Amino acid sequence: MTISWIIDHFCNLRCGHCYVDSVTKQTTNRISDNEIRQICKNISTISPEGIIISGGEPLLHPNLFSYLRETGRITEKLWICSNATVITRELIRRIKDFAVAGFSISLESPKDFINDQIRGQGSTRKIITAISLLRESGFDLIIDVTLMKDNIDHIELFFDFLTKYGIEKITFTRFRPIGRGARNKMKFSYNQSRHKEVLEKIVDCVIRYRDKVKVSVHDPLYEIVLSDYCSKNGLEISSLRSSQSYGCKAGTFWVGIGPNGDVSPCPLLLNLGVVIGNVLQQGLKEIIDNSKMIKKIQRRRSGINGCKNLGLCGCCLAHTYSCTQNLFAKDPMCWV
Ligand code: SF4
Ligand code: SF4
């Protein structure tokens, strides 16, 4: 299982779709070095496959290096999720002392005026500078895109961007109306049939760029589109997946941890108040093993009582919960 650890809500940007509802003024107490160590000890009870450090903007956390030191001891797959606008040569030099495998960099459009509109004036220029610095230093890179009304026509342009900057990995993530995204949902959302077309366009690019780019799509419904394509073309679906995880990852392939140690089946559910325990107080293995919610999610993924695609897809629980307050209702973006 992978851990996605939101270490802070503080961020220098104010993106309108931010599911964490990041803040530009720190209002809550941050945990101490001892508590970071305690959480890592409790996380290590599941021997996590990987850890993703995110925020807010994690690179602005005053204790960033304590997080990197402790998490680097329990996984070889340590990733930082960043908006990349505060990356400098000096910061990279210091991060090189820790076992960080790579960076996942948010970019909402290769068109700089669109990305700047969404992420803030001047952000594209800073992101491009950061990409060169990180590549020079040998870090693995993923471009992380949130699919929204403003960028769904730019799928091909993202692949041109990757080619131009020599980047081999991209993740497309569905917009979810959570956090600040809930208040701005009219601005970013689009409908189910358009979503199906966007996912089909991504499959098309996956095929065309198969030897050059590893594409992940953080949207359970992508599996439906991918499986249709594979059955029409006589392909094994696993041959087109970029990792072993598929469909909704909540409680099956990953869990989320909040700044205070709260645990949720998914980091997006944390912000909706869905909490199953706290890793400052208990081992993560104990929390997961005793969670009725995780058992229910896993049973549901085995396809009992419901849509025949639950095993493959599973609905986005966070999107569903944000719209219906029912974790196990039908995904609002489902066209099936
Ligand atoms: S109902 Fe849920 S599991 Fe079934 S296809 Fe739709 S999103 Fe996927
Ligand atoms: S609940 Fe949604 S955001 Fe969370 S893992 Fe499932 S699909 Fe992804």
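Here the structure is shown first, and the text comes after it.
Residues numbered from 1 in each chain as written. Chains lettered and ligands numbered in written order. Predicted model: local features only at pLDDT ≥ 70, side-chain atom pairs only at ≥ 80, totals over all residues.

## Description of the site of ligand 2
Consideration 1: As a structural note, the neighbourhood of ligand 2 is formed by H218, P220, C248, K249, A250, C266, L268, C316, L317, A318 and H319.
Consideration 2: Of the residues assigned to the shell around ligand 2, the class counts are eight nonpolar, two polar and one charged. (Near = placed C-beta within 6 Å. Nonpolar A, V, L, I, M, F, W, Y, C, P; charged D, E, K, R; others polar.)

## Observations regarding the sheet that holds strand β3 (residues 78–82)
Consideration 1: Spatially, ten strands are ordered β7-β6-β5-β4-β3-β2-β1-β8-β9-β10 in an open sheet, and the strand pairing comes out mixed. Two strands close off the open sheet at either side, each with one partner strand: β7 (214–218) and β10 (277–278).
Consideration 2: Where strand β8 (residues 254–257) and strand β9 (residues 262–264) come together, two bridges link them in antiparallel fashion. Bridged to I257 within β9 is V263.
Consideration 3: Taken strand by strand, helix α2 (residues 64–72) contacts β2 (50–54), β3 and β4 (100–106), and its axis lies near 170° from that of β2. (Pairing = 2+ DSSP bridges. Helix = DSSP H or I, 4+ residues; strand = E, 2+ residues; numbered from the N terminus. Contact = placed C-beta atoms within 7 Å. Axes fitted to C-alpha atoms, helices over the stretch in contact; angles between N-to-C directions.)

## Considering the site of ligand 1
Consideration 1: Taken together, 13 residues lie around ligand 1, and C307, C313, C315, D331 and C334 are the ones closest in.
Consideration 2: The residue inventory of the shell around ligand 1, partitioned by class, reads nine nonpolar, two polar and two charged.

## Looking at the environment of T320
Consideration 1: In this fold, T320 is placed in helix α14 (residues 317–324).
Consideration 2: In sequence terms T320 and T124 are 196 residues apart; their C-alpha atoms lie 32 Å from each other.
Consideration 3: Excluding residues that lie within four positions of it along the chain, T320 makes contacts with C315, L327, A329, D331 and P332.

It is worth stressing that arrangement in space is one thing and function is another; only the former is reported here.
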